[in-house]
Every structure is written in C-alpha cells, then in structure tokens.
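Notes for the structure review
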Amino acid sequence: MTVSDRPKRFRTPEDYALKRPVHAVWEITLSCNLRCVHCGSAAGEPRKSELSTDECLQVVESLAQLGTREITLIGGESYLRRDWTDIVAAIKRRGMYCAIQTGGYGLTGKLLDRAVDAGLDGVGVSIDGLEDVHDAFRGVPGSFRAAARAVQESRARNLRVSVNTTVTQASLHKIEPLAKQLVDMGVTHWQVGLMVPMGRGTRSEELLLQPSDLLTLFDSLVNVFEFCAQNGLVMHCGNSLGYFGPFEHLWRGAGDDQVHWRGCSAGETVIALESDGTVKSCPSLNADDHGFGSSRDAPVDVLWKNSRVAEAAGTADEDTSFCRTCYYSSVCDGGCTWVTDSLGQKSKDNPYCHYRVLALASEGLSEEISLVDGGVEGPFSMGEFSVKRVPIEPSKAVIAERHSAKLKAFPQAGAQAGIDAGDSLVTCKNCYCYVYPTENTCPHCENGLDAAQKEHDTLLLRIDELMNEVREALDT
Amino acid sequence: MNGHAVWYGPAIQEAALSGDVGKMREVATQVEEYLAEAGDLPAALELLKLEIAKLEGKTYHREK
Ligand code: SF4
C-alpha cells in the first residue's frame, strides 16, 4: 500500500508528532427522524442555536487549515439540514474525504444524487441487527428496510459504503447471521462496537452487555471475521471493543497485526463538533468534560491549538485499579474514554476489556455492571453505575479457558518500563498476544519470541515456495 | 498498513485486507483459480493447502 492509496484516516508518525486532527466527526444537526434507544446524543429535535451555513463554511476552512483529511458528517441525521450538500461541497473543494453516518431513513435516491453532485465520497449506514432487532432498537418500524435501501442506493451511485453495528443483548447471539446478510447486501466494510450507556442509552440497562459477555461476543466475532475475510467484507472493531488478548491482531488492521489499539485518540488526532459550534475531543464525549469552546467565539484551529495545554494537564491519574496496573497500561490507558466516562470510571478503569475478562476468569471471577441512577436524560448525559466482582458463570469460564489456552500468565505493569507509549507493540507469534518490543520471552505464553517469529517466517516462506511450485507446474 | 486508523464515525471505507489474513486470502483465491483451471493437480497444491490451514489455525487460534 503506497502513501497515496492509504486510507485518509490512517495516521502517520508526523500526525502524532504534530497532533494533527486527521479525522473530524461533525454533528451538523441534532434533528433526527429515528428514536434509537442507545442514542448518546438523545437526538430528535435540532439544538436551539445550530450554526448557520456561513458559520459551517468557516468551520470547513479552519479544519482544512488544521490538516484534517477526512470529515464525517453526523447528526441526528445530517441530511435533515437543508444546506448539507453545500457543506459537503465545501469539504470537497478543500480536498478532504467526506462521508456521512446515517440511519438511512428517508435517504432517498434523489437526496443521494444531490450529495454525489456535491462530491460525497462515502456513506456509513447503521444496522444494528437483523430486521426485528434493528427496528426495535431504532424505534421506528421499517427502519431496517430503509437502511438496506440506503446501502443499495449508495452502492448504485458508486459511493463507498460501510455499515456500523452496535452490539447489545438483543444482537449478541445473532452476529453471524447479520454478517451473512451484510455480505448478501454487498457491504464491503463493517465496524462493530458496543452499546455504551449514554444519553438515551442510560434508560436501557437490559440491553447492555456484561463484561463477561465479551467472551461470547469475541468467540463469535473470530468466526465472523474469518467468514467476512472469505467473502470480501473487511470487519473492524470500533474503539469501544477490545483490548489486547489473543484476538486483538484481528480487530483493527484488516489483518495486519502491526495495527493495534494505541489508547484513546480523543483530542489527539481526532476532533469533533456539535451543531451549535461546540468543539470537543470526541464525537461521543460530553462537552462539559471534553469541550474546547465554541467556533462562534474563536476559529476552530485556534481552539484546537489552545486545547493541547488543557488535555495534557488533565491526564495524570495514578491509582491501583486493574487498568493502571495492567501490563498494557502505558499503551492502552484503559481503552475507550467514552466507555469509562459513561460508567463513571473517571480514572479510566475499564471493565469492558477481553484481556481483563480473561485475567479475572483465571481467578474464577468476572465483573457485573448495574445501573444505580440514570440521571437526567439529555444529549451526552451520563448515569451512575456500580461495578462489582462476582464468581464467573461456568459456561463463560469454559470459553475463557479456550481463549486463554496458550496463556500461562497475565503479567502486571512494569515490564515495559522505559518504553515510549508511542512505540508499537509486536505480536508473539505463538499466542498472538502483544508484547513490548524489548521483551525476549513472551510474558503471556512464556515462549521465546524470536523462535516463534522464525517458525512463523518459515511457514510464510514455505507458502511462497509452494505457491511458486504450483504456478510452475501449471505453466508447463 | 503503514499507519494507524482512528475508529470514529463510519467504518473505514478504504482499507483492504492485509497482513497474514490478506496473504491467506490471496493464496486461497489463487488456489481456487488453479483448481478451476487445472485438470491434473500438482502435488504441491495439496501441501500448499495444508500450510495455509496451519497459518489459518494460528491466526484464528484453532491449533490442536
Ligand atoms: S485491563 Fe485496562 S489497560 Fe489493560 S488492556 Fe484492558 S482496558 Fe487496557
């Protein structure tokens, strides 16, 4: 893959060094025609004072000046703004990739034609399960068919099409048939994430997965990943799903194990805006805690540059929680901030982690999350949750044992002393867990790393040789 | 993949399979093509299928 054909969203070392907001996710209106039960922004009505067209065009200019390469327009439903294609056109004039994320309800061919004329590159459609699950989740009958139609109409116009799926208790056991349906629909890129209890989502505790459900989910996702790879569908896990453990190498790099979770990018290489001009570090986070100010008070590039100081000052939080003492803490930093914030884990201790679930299972334990107080529902509102340790269910223990069959230990933080958190980890080619590049022996499976790598390289070489032999035999 | 992705908003829409998984798919596709073409199968093809199964087993944790 050359630099020019690399996805715009992929970050280079320079992006990290310059803290460039490579990807902007921009809520251009909070108006929405669906009533999704998990909606973090509790969308429906537009915000009281949404940006005017001119103010939006100024935002586009500022983002271009900051070096943003991709802008995703979200809502609510972005196309409920009458001037949404003017915004798309402005983004394209500045040479940035432009996609929308949509429920697809009411996204007609006519609307798409206008968007294509404006230069829209891609459409991400949210599909959260098979028809019954999706319609119940989205709160409007017919929304699955509308989403499927949006996929079809977008493909017919040669737009790049992806699907996002939020996994809940209702879809946990139905991911495999969903994958099949997406393949049948001709979808090529699919992102799977967890339901996170924010906004309207604080009202649906019964849909939330428990941390030990990650065992069931990952068990299924490994098969799904393989099925997708065989059928031309590139599957990724979203930020809320992870982290490390024996399957991480599959989830983020489309098969390339050099790509792994590297900690939350909010405010680092991603920037977000709300429809009233509030600038924040992540589209899913609450602006009270993660906002930088309003584009009405200062240009976005100025707010972004000033925000660097505030972000750096707010990250020194030392404690003895599981995440702080975890082997991966310096790279992972407790996974997705949206998840930890929503659960009230201000010190970024994240129970939704496969590695942590396996480590606790090895002691016969799991964690249970319960809602204590849902709080007042509104855009990005948060409830109060308790997390307690309980004995693991026998059926889950069996899966955990299978997932950690090669693992002998769950080491703690310390081995990575002196490692720069920006460094990439490497995979142990025996157990496929990630390790710090300075290790000689895998601290998880206790195998020699060099020997496992050599064996792996020999296998790859052998495949190449056999491939050549086959080619020659067929050519003669 | 020469870089790292950020997973906000829609799924990344431009990435293609790469790494071991990409390699397995590439080889498997070629094997299928050969199978369709060739009447007389070279012995190396059977061995190739075995080695690919080994790589798949490692990648997806299906080793015995
Ligand atoms: S336990 Fe916490 S720090 Fe460790 S891998 Fe999981 S989320 Fe990351």
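Residues numbered from 1 in each chain as written. Chains lettered and ligands numbered in written order. Predicted model: local features only at pLDDT ≥ 70, side-chain atom pairs only at ≥ 80, totals over all residues. Heavy atoms only, no water.

**So, the packing of aromatic side chains**
Residue and element names in this part refer to chain A.
- Enumeration over the complete set of coordinates arrives at 13 aromatic pairs over all chains.
- Consider the rings of Phe244 and Tyr434, whose centres lie 6.0 Å apart with planes at 75°: the pair is edge-to-face. Residue Phe244 is found in the loop between β7 (234-237) and α9 (248-251), and its partner Tyr434 is found in strand β14 (residues 434-435); the two are separated by 190 residues along the sequence. In this structure, Phe244 and Tyr434 share a single accessibility class: buried.
- Through pairs of rings, three or more aromatic residues link up here, namely Phe244, Tyr327, Tyr328, Tyr355, Phe410, Tyr434 and Tyr436.
- A cation over a ring is seen here: Lys280 above Phe380, with NZ or CZ 3.5 Å from the ring centre. (Phe/Tyr/Trp six-rings, centres within 6.5 Å; stacked < 30°, edge-to-face > 60°. Helix = DSSP H or I, 4+ residues; strand = E, 2+ residues; numbered from the N terminus. Buried < 20%, exposed > 50% of the residue type's maximum accessible area, 1.4 Å probe, protein only. Lys NZ or Arg CZ within 6 Å of the ring centre and 35° of its normal.)

**Quick look at the interface of chain A and chain B**
- Contacts between chain A and chain B engage 75 residues on the former and 44 residues on the latter.
- Across the chain A/chain B interface, buried area totals approximately 5500 Å², and carbon plus sulfur atoms make up 60% of it.
- In this assembly, chain A and chain B are joined by one salt bridge.
- A salt bridge links Lys23 of chain B to Asp464 of chain A, with the shortest nitrogen-to-oxygen separation between them at 2.7 Å.
- Ranked by residues supplied to the side of chain A that touches chain B, first place goes to helix α16 (residues 449-475) of chain A with 13 residues.
- Tallied by class, residues from the side of chain A that touches chain B come to 36 nonpolar, 23 polar and 16 charged. (Contact = heavy atoms within 4.5 Å. Buried area = accessible area lost by both parts, 1.4 Å probe. Salt bridge = Lys/Arg side-chain N within 4 Å of Asp/Glu carboxyl O. Nonpolar A, V, L, I, M, F, W, Y, C, P; charged D, E, K, R; others polar.)

**Looking at the pairing of strand β4 (residues 122-126) of chain A**
Residues and elements named next belong to chain A.
- With five of five residues buried, β4 lies mostly within the body of the structure.
- Side chains Gly122, Gly124 and Ser126 of β4 all project onto a buried face; the interleaved residues Val123 and Val125 project onto the opposite face, where all are buried too.
- Relative to β4, strand β3 (residues 97-102) runs parallel, the two sharing four bridges. Bridging across to β4, Gln101 finds its partner in Gly124.
- Of the pairings in the sheet, the one linking β4 to strand β5 (residues 160-167) comprises five bridges and is parallel in character. Counterpart to Val123 in the pairing with β5 is Val161. (Pairing = 2+ DSSP bridges.)

From the geometry alone we can't say anything about function, so treat these as descriptive.
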